[in-house]
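An overview of the molecular structure
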Amino acid sequence: MNITLLGAGAIGALWAIKLTQQQHNVQLWTRNAETKVTLHFNELTTTTTTTTTTTTTNDYSFSCNSPDDLAACELLIVTVKAFQVTTALTPLLPYLNTDCVVIIMHNGIGTQSQVQQLLPHNPIIYATTSQAAFKPTQTTIQHTGLGQTSLGAINDYAQSQSHIAILFDGALAPTQWQANIYQPLWQKLAINCAINPLTALHQCCNGDLALPCYQSQLDSICLEVAQIMTAEGFVTTQQQLRHQVDNVIKATANNYSSMNRDIFHHRLTEIDYINGYLVQQAQRHNIDTPINYQLWQAIKHMESLDHA
Ligand SMILES: NC(=O)C1=CN([C@@H]2O[C@H](COP(=O)(O)OP(=O)(O)OC[C@H]3O[C@@H](n4cnc5c(N)ncnc54)[C@H](OP(=O)(O)O)[C@@H]3O)[C@@H](O)[C@H]2O)C=CC1
Ligand SMILES: CC(C)(CO)C(=O)C(=O)O
């Protein structure tokens, strides 16, 4: 398949490489005018079901930024951060064929209506992943964690595109097609609402959130998220969300969350699309979410110190 990947950061480059390994024809769309890039990939090899080790490094060369390839592409994968989606996508619009399937993969929720306005005739799929990747240098990609990926349609044109999930599953399993993609998007939102702001504010690793001092805050966050999810029509409870959050805290104990790293490196965060999105939905339902509101504002304050 002819694929363009917009946003060749950690997670985007991982998918670009994995799809290339399956013989798909992938070009990268970057901010620069480069026409070729070579990425060094540290592969994650599963040795048992519970143990993983990085063992091999291979180089992958990609062509970049060809408008002709973009016009011919059948699949556009967008893996920029949530707040970058509109700016990144807009310059590509004059080249995109309306048959081209567009996949948007980022943490948080809230870009869906902008993307549908930008692409009123294309099949649009949203995706969420628990795969993990790290980009220690501009050209080195490390696959750092395995996990589930979910894909699903957000407009009528994309309802018939479930075969894309099979293609993704061949590249990086497990990937599943979801009849309602908002369910996994909200499940991931709940995890991000709990882990990301706390680890960013306290500049701690995910595993530190198992300490007694964080337990009542985690309970309150999960209670608020469960109330809004219920109001949105999803079946969940505070206990279920808490259990999922605890599992991620354990499974990623030594990792720093993406928001922790963004604050550490004085970058903008995805908070408006995580706790900020949650609070906006709560307001629509006239439900108070004071803990998520406080966390949203606290991260906005930290961002404002670097981005006046
Ligand atoms: N990394 C991970 O393990 C995971 C990440 N995610 C989510 O995936 C999304 C991407 O994360 P991640 O890969 O870590 O982030 P990165 O910042 O590493 O990747 C984003 C990439 O998008 C590029 N980009 C931004 N704006 C433009 C533009 N206008 N034109 C072209 N390229 C652009 C950036 O380029 P430049 O380098 O020039 O800024 C960068 O390479 C986030 O929502 C994150 O939360 C989800 C699960 C796991
Ligand atoms: C699941 C979690 C919290 C893993 O660190 C993540 O998605 C992130 O860091 O943004």
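Residues numbered from 1 in each chain as written. Chains lettered and ligands numbered in written order. Predicted model: local features only at pLDDT ≥ 70, side-chain atom pairs only at ≥ 80, totals over all residues. Heavy atoms only, no water.

Identification of the chain as 2-dehydropantoate 2-reductase from Photobacterium piscicola is taken from an unreviewed UniProt entry. Taken directly from UniProt, the Sequence similarities (unreviewed entry) text for the chain runs: "Belongs to the ketopantoate reductase family." Under the Function (unreviewed entry) heading, UniProt states for the chain: "Catalyzes the NADPH-dependent reduction of ketopantoate into pantoic acid." (UniProt positions renumbered as here; feature names shortened; annotations may be inferred.)

What follows concerns the nonpolar core. Membership of the largest hydrophobic core comes to 57 residues, with the highest contact counts inside it found for Leu-6, Leu-76, Leu-89 and Trp-186. Take this core: its biggest share by element is 10 residues, from helix H6 (residues 182-201). Lining this core are residues from two domains, each supplying at least three of them: domain 1 (2-179) and domain 2 (183-306). Beyond its immediate stretch of four places on either side in the chain, Leu-76 contacts Thr-4, Leu-6, Leu-89, Leu-92, Leu-96, Cys-100, Val-101, Val-102 and Ile-103. Counting 36 residues, the second largest nonpolar core, distinct from the first, contains Leu-5, Ile-11, Ile-103 and Ile-164. (Core = buried A, V, L, I, M, F, W, Y, C linked by side-chain atoms within 4.5 Å. Buried < 20%, exposed > 50% of the residue type's maximum accessible area, 1.4 Å probe, protein only. Helix = DSSP H or I, 4+ residues; strand = E, 2+ residues; numbered from the N terminus. Domains from an automatic or database assignment. Contact = heavy atoms within 4.5 Å.)

Let us now look at helix H10 (residues 275-284). Among the 10 residues of H10, seven are classified as buried, and the element is accordingly described as predominantly covered. Taken as a whole, H10 has its buried residues at Asn-275, Gly-276, Tyr-277, Leu-278, Val-279, Gln-281 and Ala-282. The inward-facing, buried residues of H10 contact H6, helix H7 (215-231) and helix H11 (290-306).

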